[in-house]
Structure formats: C-alpha cells, structure tokens
Amino acid sequence: MQKLGEIASVKGGKRLPKGESLTIDPTSHPYIRTRDIENHVIKMDQLEYVPDAVQKKIARYIVDAGDLVVSIVGTVGSCAIVPAELHRANLTENCAKILLNTEDYTTEFLYYFLRSPQGQQEIFKNTVGSTQLKLPLYGIENIDLPNLTVTNQKAIAHILGTLDAKIELNQKMNQTLEEIAKAIFKSWFVDFDSVRAKAEGRPTGLPSEISDLFPDELVDSEIGEIPKGWGLRRLDSLLELAYGKSLPAKNRLDGEVPVYGSGGVNGFHNKPLVEGTSIVVGRKGTVGSLYWVDKPFFPIDTVFYVRTEESIHYCFYLMQTLRLDTMNTDAAVPGLNRDNAYRLEFPNAPTPLVNHFSEIAKSTRDRISIAEEESKVLSDLRDTLLPKLISGEFRIPDAEKFLEEAGI
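Small disclaimer: the values here were computed from a predicted structure and weren't measured. (Residues numbered from 1 in each chain as written. Predicted model: local features only at pLDDT ≥ 70, side-chain atom pairs only at ≥ 80, totals over all residues. Heavy atoms only, no water.)

J.: Report on the sheet that holds strand β16 (residues 257–261), specifying residues and quantitative values.
T.: Here we have 3 strands laid out as an open sheet, ordered β17-β16-β20, and mixed in their pairing. The sheet terminates laterally at β17 (264–269) and β20 (298–299), the two strands that pair on one side only. Alignment of β16 against β17, held across 4 bridges, turns out to be antiparallel. Across the sheet, the residue bridging to Gly261 is Gly264, located in β17. (Pairing = 2+ DSSP bridges. Helix = DSSP H or I, 4+ residues; strand = E, 2+ residues; numbered from the N terminus.)

J.: Just give me the short version of the nonpolar core, but keep the residues and values in it.
T.: Core analysis: the largest hydrophobic core is formed by 40 residues, its most contacted members being Leu4, Ile98, Leu114 and Ile140. Elements that contribute at least two residues to this core include exactly α1 (4–7), β2 (8–12), β7 (68–71), β10 (95–100), α3 (107–115), α6 (150–189), α11 (351–391) and α12 (396–405). Take this core: its biggest share by element is 7 residues, from α6. (Core = buried A, V, L, I, M, F, W, Y, C linked by side-chain atoms within 4.5 Å. Buried < 20%, exposed > 50% of the residue type's maximum accessible area, 1.4 Å probe, protein only.)

J.: Explain α11 residue by residue, including any values.
T.: Counted at 1.5 Å a residue, the expected span for α11 with its 41 residues is 60 Å, and the 60 Å between its end C-alpha atoms agrees. The positive-phi residue at the C-terminal boundary of α11 is Gly392, with phi of around 90 degrees. (Expected span 1.5 Å × (residues − 1).)

J.: Lay out the confidence of the model for the protein in plain terms, naming residues and giving numbers.
T.: Where the model shows low pLDDT, its predicted coordinates should not be examined in detail. A residue-level look at the protein finds 99% of positions with pLDDT of 70 or above and a mean pLDDT of 93. At the low end of the mean pLDDT range in the protein sits α12, at 86; at the high end sits strand β13 (residues 226–227), at 98. (pLDDT = per-residue confidence, 0-100.)

J.: Go over the pairing of β7 with me, naming the residues and quoting the values.
T.: Alternating residues of β7 divide into Leu68 and Val70 and Val69 and Ser71, and every residue in both groups is buried. One ladder, built from 3 bridges, connects β7 with strand β8 (residues 79–81); its direction is antiparallel. Paired with Leu68 across the strands is Ile81, a residue of β8. As judged from the 4 bridges shared by β7 and β10, these two strands associate in the antiparallel manner. By the bridge assignment, Val70 is partnered in β10 with Ala96.

J.: An account of the sheet that holds strand β3 (residues 30–32) is needed here, citing residue identities and associated values.
T.: Pairing between the strands of a sheet is mediated by backbone hydrogen bonds and can be parallel or antiparallel. Across the sheet, 3 strands lie side by side as β6-β3-β9; this open sheet has mixed pairing. The sheet is open, and its two borders are formed by β6 (48–49) and β9 (90–91), each paired with just one other strand. Bridge count for β3 against β6 is 2 bridges, and the pairing is antiparallel. Within the sheet, the bridge partner assigned to Pro30 lies in β6 and is Tyr49.

J.: Describe in detail the state of the cysteines, supporting the description with residues and values.
T.: Inspection of every chain in the model, using the stated rule, returns 0 disulfides. Of all cysteine sulfurs in the structure, the one in Cys79 sits closest to Cys95, which takes part in no disulfide; the separation is 10 Å. The exposure class assigned to Cys95 is buried, which follows from its relative accessible area of 0%. (Disulfide = S-S within 2.5 Å.)

J.: Can you tell me about the environment of Gln132, naming the residues and giving the values?
T.: If you trace the backbone, Gln132 turns up in the loop between α4 (117–125) and α5 (137–141). Gln132 sits 59 residues away from Val73 along the chain, and the two C-alpha atoms are 7.8 Å apart. Among all residues touching Gln132, those that are not within four sequence positions of it are Val73 and Gly74. (Contact = heavy atoms within 4.5 Å.)

Dropping the structure here:
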C-alpha cells in the first residue's frame, strides 16, 4: 500500500466572496457544486455560473478537463472526472481536486478505486466531525492505495469503463424512451395536435383506429381550449393520493425494500408498505416530485403514493403536466395540499384513447425497467470485480474474456 499524498497533490476549491451569488444565466465560468455530482458523474442539467466580474476574485480555483474531483462536505466521497465541457470551471470549497504528480498512477484507476466500496471505506476512515462529516485535504492524502503496475491499472480501468459505458448507454436509451412517451402524451392530451390537424384538413399521421378517436374541433373550457365532446375531469375522480407512513431514519438502514421520501430513495427496509406498481408524489420537502415505482416499496410520511382503478401509466404522465411542484399550498409548512390537488381539472379523454396511450406507455416503461435492471447488475459486477482484480483473485485476461463473451 502507498498513501495518496505520495503520488498526488490535493487542492481545495473556493467559495464565492461574501455577498456574491451564482447565476443561472450561462457565463464562461460554470461552478461545480457537490449537488452537481450524482452517481459519480458531474451532471450538466442544473449547473449555475459565476458572474464574470466575480470570477476574477476566485480565478485560481479552477479545474481542467480530466481532473479528478471529490466532495469533502455533505455527500462526502462522491467523486467524478471533469468532462471536456467543464474545462476551466470553478470548483466549490466543498470539493477538492486530486492532481497526480507521477506517471506510476493513472487518474482513471484512482477514480474507480475511490468510488469502489474499498475506496469509500478508506474515505470514511479519514473523515472528521461528529455533527457534520468532513473529509479534510490531509485526510485525502492519507488514503491507502493499492500498489499496481500502470499496465494493470489501465487494464482494470478499461474493464470497469466498459461496464460504465454500457450503463451510460442504457441511461441514454431510457431517457430517449421517456422523452418519447412524454411527447406522445403532450401531443395527444395537452397540445391536441391531431384535433388541430383534422380541423385544418391535414392528416394526423396516426393509425386510423387512433386518429378516429379525436374530434375535428376545439372548444373553450375553464382551462382553455379542449377537444369537442371531451369535457373536464377532476383529479380525485381518477386517483387517490394516499399518505405514506412514518419510519424513523434508524429503521431505514437495512433490508431489500427501497424507502421513498420526497427526494427519492433514502434508505431500505425489511417490509414494503405498497406491493404493486405506483407513483410516489413529494408532499413535504421536494414538493410535487414524481417517481415511478414498479417494485414493492415503503413510502414515508413526506410523500403520497397513488392508488387508482384506472391506468397507472396514464396517471403518471398526466401528473407530470399538472405542475404539482408549483403547489406549495400549506400555510404553516410548505407542502402539497391534497385537497387542492384533487380540485385540479384536465380534459376527459375517451377511454379507448387512454387505453391506446397506456399500451404504448406500458411497453416503454417495461423496456426502461429491463434496462435499469441490467444496469444494476452491471453496476454490482463493476463493484465486485475491482477488489478481485486488485487482489489478483480474478485475472485481468479472464475478466476481459468474460465481458467479450457477454457482449459488453
């Protein structure tokens, strides 16, 4: 073993000067925060930026493409490699960058080691603080690293990178499938593209059995123009928003059943509260958040979960159009008021049309679930392989052959 500080230097980021703030308007200086690192990847969709005038004061605290960064406060130990799009971005004081100073170690292998269970254990060993954990820079330098040749490091990183590439491909495919389902729902039930096409004498582009379900005229309603003959329907006639159940944090530490709060999965339990497919809706905290859950789960008391006798798939895509996230309607504590949500109205589409959409959505969700399961298997395989490859228990050529035979 050798210490990380023997093969690399560790440098901290920098907070904005007092009184200054970030902007959502893009500048030449994106700012990487801990919240932007998700699943060991820097997400690009919610970045904020340093104003040009402010950046001059913190210009030294930047990262280059290919640098390895790790969070040191909050979600301690979340690490990522800086992508090309964030070359010369500023780095928060809650993260540090690790710069290799030797050719005997590779950034890619170090990245995979730090994100592995073994690496995360090393990080945890070097954290300090009782109320809020922090990973000091000297703690990073004190992390024990395995002694491997550069050739083996590169081979291991290539094997694990191949698994990650497949996982990323699955994620992109799922994102595309989800966008297609949303686009179809919006076209049919929000923008009424087929109704407008018929009204203008244009083809709808849909099979006749679906096209025939749309009228050729829009009429006024209390929520704007809707297809003639559809009328309006209240949300409480379609579904029930059932309350989750209180579950102390100490009881969310073990088990196979995911526990859902308004921010998503926040632990595991032994027994589910809900057995079938449902939708989790943020009630307190991240108000109006929506999660599709197709396995047994436990919703806690900061969320609702959906019960319905009708299509759960239709409910899911409908609820995304109702902007529940804007309904902070409880006076004392911000939250989603169920009675107010129940009063929301939407166009009452004919049942055969809803059924057609539900078949499309079910096929889409099934494909997404299969890809998610495959990604979980690949992720577990990646985390299992690393210690075995480091120890020599599993030979690198055998691992490469295994991936080739598996078509990965």
